[in-house]
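The residues making up each chain are set out below.
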Amino acid sequence: MGTEELLERLERDGVEHLWVTYHDYSGVAGAKSVPKERFRSAVEDGIVFARANLNFDATDHQPPDAHLLADSGDFLAVPDPDSYALLPHYPRTARVHTWMRLEDGSPWEACPRTRLLTAIEDLRDAGFSARAALEPEFYLLVPDGSGGYGPANRARMYTQTGLALVDGLVREIVETLGEMGVAVSQFDKEYGVGQYEITARHAPPMKAVDDYLSLRQVVRDAAREAGYVATFMPKVYAEWPGNSLHVHLSLWDPSGGRDLTPSEADDTSLSDVGRWFMGGLLEHAAALTGLGSPTPNGYKRLQPGSWAPGNVYWGRGNRSGMIRVPGTGRRRHIEHRSGDNTCQPFLFLTGLLAAGLDGIRNETDPGPPFEKDIGHVTPEEIREAGITDLPRSLPEALDALEGDRVVAGAVGEEALKHFLLIKRHEQAQYDLHVHPWERDAYLESN
Ligand code: GLU
Ligand code: MG
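Please read these numbers as outputs of a predicted model, since none were measured by experiment.

Topic: the overall build of the protein chain
Okay, so step 1: On a plain count of helices and strands, the protein chain comes out with 14 helices and 17 strands.
Okay, so step 2: Scaling as 2.2 N^0.38, a compact globule of 446 residues should have a C-alpha radius of gyration of about 22 Å, and the protein chain matches this with 22 Å.
Okay, so step 3: Considered along the principal axes of its C-alpha atoms, the protein chain spans approximately 65 × 60 × 50 Å.
Okay, so step 4: The buried share of the protein chain, taken over its 446 residues, is 55%.

Pasting the structure below:
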């Protein structure tokens, strides 16, 4: 869609308020609402935000060594018409995602959406396109009035009861997303008490990320309206299963007409390019963890022996691994399982595509599958299979990201600098915090 088409569409849909939105390095949507009279200038030239906004962390603190201070000027948020969607929960309101541009209108290297576009173009120049489907898990909670939260219900996993107890909410979410142009492929009751999962249908990577962001927003809005709090944080309570963001990936020809991921030779393997792409994801696993799980909290989820991966290997029917190749026949594709919903999704997908492309270029062999649940094998067996650990902490993962030529290169120097600044600051704040566990263990112990 072009600029004029977007303006016509806004008129036709009766939109009077346009939320012009960008996503910061925590993946959080920043927005300004623009009234109808200003649509043309907002759509053609973009609107102004302070660059300094991009150097605040998840708790709205600016690190003392921030690069973008109050004197760092502005960036322009220029709408991408293709990301247009109505916001049915807000009357006469629509949203549009944006490119961050320099004040002269040229692309800004710090822009996550622009970085993803570049990764998509690199893949196309190599003769491929990709499709992605993002599958977030989340909890529906009820505040208990004293600062804690309880689950929305006690329904068991994957049950009809789990759907029945929140039926109105499920319909609201799926139908609202439909009005926004997001096709939901499934909604289910996950393993944890009060935990659910929703998947959008696979799409080209930019649309897949836009759809995912719509999905997260609609789940939150609809849950709030129904009296729940929806949370996507990786580990809400130590004893509850974590919330993942599984990314389903497949490789296609440049026109997107032919799926190149499955092998033609049999019904269960991947093609050479599919295997090499997966080899690249395994090779760059540590750096991708820095992008996919960028909070201290995420490392409480990535534990071996849970259904969240703690090690680097792939398997077919194995949900304990970092990569699963699900299905047979045309359904075969690559499911990347370590990421969570605190990622910056444009940068995370950028990293995944760049790592996969690097695998294709170097014909990286992913090795044989490991088909056992890693929580139930001996350390010797793990060693013999040559299986390594995923980073065990955020600092380890961020160092790996910084040191990975391919993934850091795709994120780009400027975006990476801001991303690392914020994430390391968040870790530093966390490290100063005294955890209730510490009082339980030490307060009266010595
Ligand atoms: N909840 C698990 C995680 O945090 C994933 C469960 C699943 O396989 O869907 O990774
Ligand atoms: Mg799941």
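Examining the packing of helix α8 (residues 285–292) against helix α9 (residues 345–361)
Okay, so step 1: The interhelical angle for the contact between α8 and α9, taken along N-to-C directions, is 165 degrees, at an axis separation of 9 Å. The angle between α8 and α9 falls in the class roughly antiparallel. Here α8 runs over α9; the crossing is left-handed. Within the contact between the two elements, α8 uses Leu288, Leu291 and Gly292 and α9 uses Leu347, Phe348, Gly351, Leu352 and Ala355.
Okay, so step 2: For the contact of α8 with α9, the class distribution of residues is six nonpolar, two polar and no charged.

Thoughts on the site of ligand 1
Okay, so step 1: In the vicinity of ligand 1, the contacting residues are Glu137, Glu190, Glu197, Gly242, Asn243, Ser244, His246, Arg301, Trp307, Ala308, Arg319 and Arg337.
Okay, so step 2: For ligand 1, a nitrogen atom lies 2.7 Å from a polar atom in the side chain of Glu137.
Okay, so step 3: Here an oxygen atom of ligand 1 sits 2.7 Å away from a polar atom, N or O, in the side chain of Arg301.
Okay, so step 4: With the chains in place, 93% of the 300 Å² that ligand 1 exposes on its own is no longer accessible.
Okay, so step 5: For the shell around ligand 1, a count of residues per class yields two nonpolar, four polar and six charged.

Considering the coordination of the magnesium ion (ligand 2)
Okay, so step 1: Listed as protein donors to the magnesium ion (ligand 2) are Glu137 (OE), Glu190 (OE) and Glu197 (OE); their distances from the metal cover 1.9 to 2.1 Å.
Okay, so step 2: Here the donor residues for the magnesium ion (ligand 2) map to a single chain with the spacing E-x52-E-x6-E. Pair noted here: Glu137 is in strand β7 (residues 129–143) and Glu190 is in the loop between β9 (184–189) and β10 (195–200), with a separation of 53 residues, a long-range link. Note on accessibility: Glu137 and Glu190 belong to one class, buried.

Some thoughts on the pairing of strand β3 (residues 47–50)
Okay, so step 1: Side-chain alternation along β3 places Ile47 and Phe49 on a buried face and Val48 and Ala50 on a face that remains uncovered.
Okay, so step 2: Note that β3 and strand β4 (residues 74–79) share four bridges and pair antiparallel. Bridge pairing in β4 places Ala50 opposite Asp74.

Here's the deal with the packing of aromatic side chains
Okay, so step 1: Applying the stated criterion across every chain, the model contains 13 aromatic pairs.
Okay, so step 2: Ring plane angle 50 degrees and centroid distance 4.7 Å describe the contact between Trp19 and Tyr90, whose orientation is recorded as tilted. Taken together, the positions of Trp19 in strand β1 (residues 17–23) and Tyr90 in the loop between β5 (85–86) and β6 (93–101) put the pair 71 residues apart, joining distant regions of the chain.
Okay, so step 3: Here Trp19 falls in the partly exposed class, since its relative accessible area comes to 25%.
Okay, so step 4: Here Tyr90 falls in the partly exposed class, since its relative accessible area comes to 22%.
Okay, so step 5: Ring geometry for Phe49 against Phe75: centres 5.8 Å apart, planes inclined by 20 degrees, an arrangement best described as stacked. You can see Phe49 sitting in strand β3 and its partner Phe75 sitting in strand β4, a full 26 residues away along the chain. Like Phe75, Phe49 is buried.
Okay, so step 6: These aromatic residues form a ring-pair network of at least three members: Tyr22, Phe49, Phe75 and Trp108.

Observations regarding the state of the cysteines
Okay, so step 1: Taken as a whole, this structure holds zero disulfides when the rule is applied.
Okay, so step 2: Here Cys111 stays free of any disulfide, with the sulfur of Cys343 as its closest cysteine sulfur at 16 Å.

Some words on the environment of Leu6
Okay, so step 1: Position of Leu6 among the secondary structure elements: in helix α1 (residues 3–12).
Okay, so step 2: Classification of Leu6 as buried rests on a relative accessible area of 0%.
Okay, so step 3: For the pair Leu6 and Phe39, spaced 33 residues apart in sequence, the C-alpha separation works out to 9.7 Å.
Okay, so step 4: Those residues in contact with Leu6 that sit more than four places away from it in its chain are Met1, Val43, Pro81, Tyr84 and Val96.

Re unusual backbone geometry
Okay, so step 1: Non-glycine residue Asp60 carries a positive phi angle of around 65 degrees.
Okay, so step 2: Overall, the relative accessible area of 63% leaves Asp60 in the exposed class.
Okay, so step 3: One non-glycine residue, Arg92, adopts positive backbone phi at about 55 degrees.
Okay, so step 4: Within the element layout of this structure, Arg92 appears in the loop between β5 and β6.

Rules of the game
Residues numbered from 1 in each chain as written. Chains lettered and ligands numbered in written order. Predicted model: local features only at pLDDT ≥ 70, side-chain atom pairs only at ≥ 80, totals over all residues. Heavy atoms only, no water. Helix = DSSP H or I, 4+ residues; strand = E, 2+ residues; numbered from the N terminus. Rg over C-alpha atoms; globule rule 2.2 N^0.38 Å. Buried < 20%, exposed > 50% of the residue type's maximum accessible area, 1.4 Å probe, protein only. Axes fitted to C-alpha atoms, helices over the stretch in contact; angles between N-to-C directions. Parallel < 35°, antiparallel > 145°, perpendicular 65-115°, else oblique. Left-handed = near helix turned anticlockwise from the far one by under 90°. Contact = heavy atoms within 4.5 Å. Nonpolar A, V, L, I, M, F, W, Y, C, P; charged D, E, K, R; others polar. Near = heavy atom within 4 Å. Polar contact = N/O pair within 3.5 Å; in protein donor to acceptor, adjacent residues only side chain to side chain. Areas by Shrake-Rupley, 256 points an atom, 1.4 Å probe, with all protein chains shown as cover. Donors = N, O, S within 2.8 Å, 3.2 Å for Na, K, Ca; no water. Pairing = 2+ DSSP bridges. Phe/Tyr/Trp six-rings, centres within 6.5 Å; stacked < 30°, edge-to-face > 60°. Disulfide = S-S within 2.5 Å.

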